Number of protein chains: 2
Amino acid sequence: MRQVHPNAALEREAVIKMLREHHITPTQQRVDIAMALFERPQHVCADQVLVQVNAVESLVSKATVYNTLGLFAKKGLIREVLVDPARLFYDSNMTPHHHMYHTDSGILEDVAPGQVQLGALPDAPEGMVVEGVDVVIRVRRV
Amino acid sequence: MRQVHPNAALEREAVIKMLREHHITPTQQRVDIAMALFERPQHVCADQVLVQVNAVESLVSKATVYNTLGLFAKKGLIREVLVDPARLFYDSNMTPHHHMYHTDSGILEDVAPGQVQLGALPDAPEGMVVEGVDVVIRVRRV
DNA sequence: ATTGCGTTTAGACAAAGTCTAGCACAGAAA
DNA sequence: TTTCTGTGCTAGACTTTGTCTAAACGCAAT
């Protein structure tokens, strides 16, 4: 049986509200996943979320973690980050910013938007809209 | 037995020279792959290269295609492009430019560097160098 | 010819992510 | 509260991309 720690109740409510605001039905599993994601701003891949959510007790299946992360990204709650060819990262920080990726260690850092001057983007082709612009600065040890 | 079309001889020599300039031992397989890549500037994934190279006759194995594309990228002959979470693309156009990615169709286009104003990048952390900066404009149908 | 080293190969393997078919749950309605 | 319906969840099989391994190959130098 599912047990929810009583002290977590308030944050849980806040998360449910957030999901509702993004037109996502707040199921138990989605709330669990969202709480893991928004505990702190972070970059995670599906596998890490799976482990984190099920750390204490098995709450959410693999398929649901994948489905939910995809749903959250589609609904604009989190952001996909493509930096590692082997896995997809998600960023729970939705404020505009860019990324610095350490290719040898896999570390992914945020870069404040003011640190990159981005101007004059090309127009999207006829009948298309810009969904987003990703800037990734790849760095490595000398 | 390996057959090389006589008219391709000249281009083959040029490719061999290019490999040597990048300190890559020009084996038959590497030359075949490079010729497929540089036939025209293009974005390809490993699987497409495998098919293209072996279209007429089976010349190169899967492992070699993967190894060779990785080698070429490491040696600066081609460039990895991360746009699709499911596969890694390679760009045989090494002149500086950015990318526009059609998320629904998978089409990947070049964007001339002049069309994006990129200024004032943050410094790389101590003991690190910037390997590259990727700018991807993701677009989709309205 | 023989040795040695880098390259290629087939096929097994690994990891990320998707799919399926049936069960469970959320929310609406009575 | 109970029932109902459509959405969501699950285990586990499956797919796809890419890597690894061990043996064979190729070529240059001895």
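Residues numbered from 1 in each chain as written. Chains lettered and ligands numbered in written order. Predicted model: local features only at pLDDT ≥ 70, side-chain atom pairs only at ≥ 80, totals over all residues. Heavy atoms only, no water.

1. What about the side chain of B:H98?
Put simply, the rule reads: Put simply, DSSP H or I for four residues or longer makes a helix, DSSP E for two residues or longer makes a strand, and each gets a number counted from the N terminus. We call two residues in contact whenever any of their non-hydrogen atoms come within 4.5 Å of each other.
Within the secondary structure layout, B:H98 lies in strand β4 (residues 98-102). Here B:H98 is in contact with B:E109, B:D110, B:V111, B:P113, B:V116, B:L118 and B:V135, once residues within four sequence places are set aside.

2. What to know about the sheet that holds strand β5 (residues 108-111) of chain A
Rules: For two strands to count as paired, DSSP must find a minimum of two bridges between them. Only the stretch in contact is used when a helix axis is fitted, and all axes are lines through C-alpha atoms; the angle between N-to-C directions ranges over 0 to 180 degrees.
Spatially, six strands are ordered β5(A)-β4(A)-β7(A)-β7(B)-β4(B)-β5(B) in an open sheet, and the strand pairing comes out mixed. Of all the strands in the sheet, just β5 of chain A together with β5 (108-111) of chain B have a single pairing partner and so form its edges. Strand-to-strand twist across the sheet, computed as the mean angle between neighbouring axes with direction ignored, equals 30 degrees. In the sheet, strand β4 (residues 98-102) of chain A pairs with β5(A) via four bridges, with the strands oriented antiparallel. Opposite A:H98, over in β5(A), you have A:V111 as the bridge partner.

3. With respect to the protein's contact with DNA strand D
Selection criterion: The cutoff for a nearby residue is simple: one of its non-hydrogen atoms must lie within 4 Å of the molecule or strand. Whenever a nitrogen or oxygen atom comes within 3.5 Å of another N or O atom, the pair is scored as a polar contact, on the condition that within protein one atom can donate a hydrogen and the other can accept it, and that pairs from neighbouring residues in sequence are kept only if both atoms are in side chains. Under this grouping Gly is polar, as are all residues other than the nonpolar Ala, Val, Leu, Ile, Met, Phe, Trp, Tyr, Cys and Pro and the charged Asp, Glu, Lys and Arg.
Lining the immediate environment of DNA strand D, one finds 15 residues, of which A:T27, A:Q29, A:T64, B:R87 and B:L88 sit closest. Restricting the count to atoms of DNA strand D within 4 Å of the protein gives a sugar and phosphate share of 74%. In the environment of DNA strand D, a phosphate oxygen lies 2.7 Å from a nitrogen or oxygen atom belonging to the side chain of A:T27. One of the side-chain nitrogen or oxygen atoms of A:Q29 is found 2.7 Å away from a sugar or linking oxygen of DNA strand D. Those elements that provide at least two residues to the surface near DNA strand D are α2 (28-38) and α4 (62-74) of chain A together with α4 (62-74) and β3 (87-91) of chain B. Its residues placed into classes, the surface near DNA strand D shows seven nonpolar, four polar and four charged.

4. Quick look at the nonpolar core
Side chains that are nonpolar tend, in soluble globular proteins, to be buried together. Selection rule: Residues grouped as a nonpolar core are buried Ala, Val, Leu, Ile, Met, Phe, Trp, Tyr and Cys residues, joined through side-chain atoms within 4.5 Å. The rule is simple: take the accessible area with a 1.4 Å probe, protein chains only, and divide by the maximum for that residue type; under 20% is buried, over 50% is exposed, in between is partly exposed.
With 52 residues, the main nonpolar core has A:I33, A:L69, A:F72, B:I33, B:L69 and B:F72 as its most contacted residues. Excluding residues within four positions of it along the chain, B:I33 makes contact with B:V49, B:V53, B:V60, B:T64, B:V65, B:T68, B:L69 and B:F72. Counting residues in hydrophobic clusters, the runner-up holds 16 residues, among them A:V111, A:V116, A:V139 and B:V111.

5. Brief notes about the interface of chain A and chain B
How big an interface is tends to be stated in terms of accessible area lost as the parts join. The cut-off we apply is this: The term buried area means the drop in 1.4 Å probe accessible area that two parts suffer when joined, counted for both and summed. Salt bridges are defined by distance alone: a side-chain nitrogen of Lys or Arg within 4 Å of a carboxyl oxygen of Asp or Glu.
Taken together, the 38 residues of chain A in the interface contact 38 residues of chain B. Taken together, the two surfaces of chain A and chain B that pack against each other cover about 3,400 Å², and 60% of this comes from carbon and sulfur. Here chain A and chain B share six salt bridges between them. Linking A:R138 and B:E131 is a salt bridge whose minimum nitrogen-to-oxygen distance equals 3.2 Å. Taken together, the links from chain A to chain B amount to 16 residue pairs in polar contact (both at pLDDT 80 or more). Elements with a minimum of two residues in the side of chain A that touches chain B: β2 (79-84), β4, β5, β6 (117-119) and β7 (128-141) of chain A. Top element by residues in the side of chain A that touches chain B is β7(A). It accounts for 14 residues. Per-class residue counts for the side of chain A that touches chain B are 22 nonpolar, seven polar and nine charged. As paired strands, β7(A) and strand β7 (residues 128-141) of chain B are joined by 13 bridges and run antiparallel to one another. Each residue of the ladder has a partner; that of A:G132, found in β7(B), is B:R138.

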